[in-house]
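Chain and residue survey
Now for the letters of each chain:
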Amino acid sequence: MAEIPWVTSFADGLAQARAKNRPALVDFFNPG
Amino acid sequence: MDAVAFIDPAVVDFINANLIPIRVPADDPELGPRYKVKWTPTLLMVDADGVEQSRTLGFYPPEELIPSLLLGMGKTRFNLPDRPAACACFEKILADYPASSMAPEAVYLHGVARYIETREVTNLIGIYERMKAEYPDSPWLIRADPYRFLKK
């Protein structure tokens, strides 16, 4: 099954966004 | 979202090809208050500086989520400003998802971006004409209403 490779570190995600020149999609989820 | 949209193959492919997906618990003590997250699911599109560019609240099925993400990408590019790249996002919504609830806003923003780039008033008039022809029941027709008085 296809999966989204979620980044769990916000800072790391922004660094990847800068490196790849892409926006970041931030999913604020209910931890339950 | 996990049970439907985020396991849809088209959604997964789209996100992998275009975005950096980050997951944060809504009760994160630093990021929750910073982005004023009050309910889930909340999806933000942010730039590399962490500046919010668009936000959605609530569930989106796959056929609405992809155009919603395209709209967010378009707004992000629009604000850079990289309006040609923004227009490409809006045009993809209109070409591939014309029945989506995001399409009328894409018509509006595409026309505005084109107007800012060219200063040709036909782009604003075109917003109204296309909205009236293709999305006459959309609230975006009201927002475009003043443009019907412009002269070509």
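In case you missed it, the structure is sitting above this.
Residues numbered from 1 in each chain as written. Chains lettered and ligands numbered in written order. Predicted model: local features only at pLDDT ≥ 70, side-chain atom pairs only at ≥ 80, totals over all residues.

1. A look at the interface of chain B and chain A
Heads up, the condition is: Distance between backbone-placed C-beta atoms decides contact: two residues are in contact if it is within 7 Å. For helices the rule is a DSSP run of H or I covering at least 4 residues; for strands it is a run of E covering at least 2, with both sets numbered from the N terminus onward. All amino acids are sorted into three groups, where Ala, Val, Leu, Ile, Met, Phe, Trp, Tyr, Cys and Pro are nonpolar, Asp, Glu, Lys and Arg are charged, and the leftover types, Gly among them, are polar. One bridge is not enough; two strands pair if DSSP finds at least two bridges between them.
Across the boundary between the two partners, chain B contributes 32 residues, which contact 25 residues of chain A. Of all elements in the fold, only α1 (9–18), β1 (20–25), β2 (42–46) and α3 (62–79) of chain B reach the threshold of two or more residues within the side of chain B that touches chain A. At 6 residues, the largest contribution of residues to the side of chain B that touches chain A is made by β1(B). Broken down by class, the residue content of the side of chain B that touches chain A amounts to 22 nonpolar, 7 polar and 3 charged. Strand direction decides the pairing type here: strand β1 (residues 24–29) of chain A and β2(B), joined by 5 bridges, are antiparallel.

2. Details of the sheet that holds β2(B)
To be explicit about the condition: Only the contacting stretch of a helix is used when fitting its axis, a line to C-alpha atoms as for every element, and angles between N-to-C directions run 0 to 180 degrees.
Pairing is mixed across the open sheet formed by 4 strands, whose spatial order is β1(B)-β1(A)-β2(B)-β3(B). Lying at the two open borders of the sheet, with one neighbouring strand each, are β1 and β3 (52–57) of chain B. Pairs of neighbouring strands in the sheet enclose a mean axial angle of 20 degrees, with direction left out of account. Alignment of β2(B) against β3(B), held across 5 bridges, turns out to be antiparallel. Paired with Thr42(B) across the two strands is Leu57(B), which belongs to β3(B). On top of the sheet, helix α1 (residues 10–20) of chain A reaches β1 of chain A together with β1 of chain B; it is set at about 165 degrees to β1(B), its chief contact. Running at roughly 160 degrees to β3(B), α3(B) makes contact with β1 of chain A together with β2 and β3 of chain B of the sheet.

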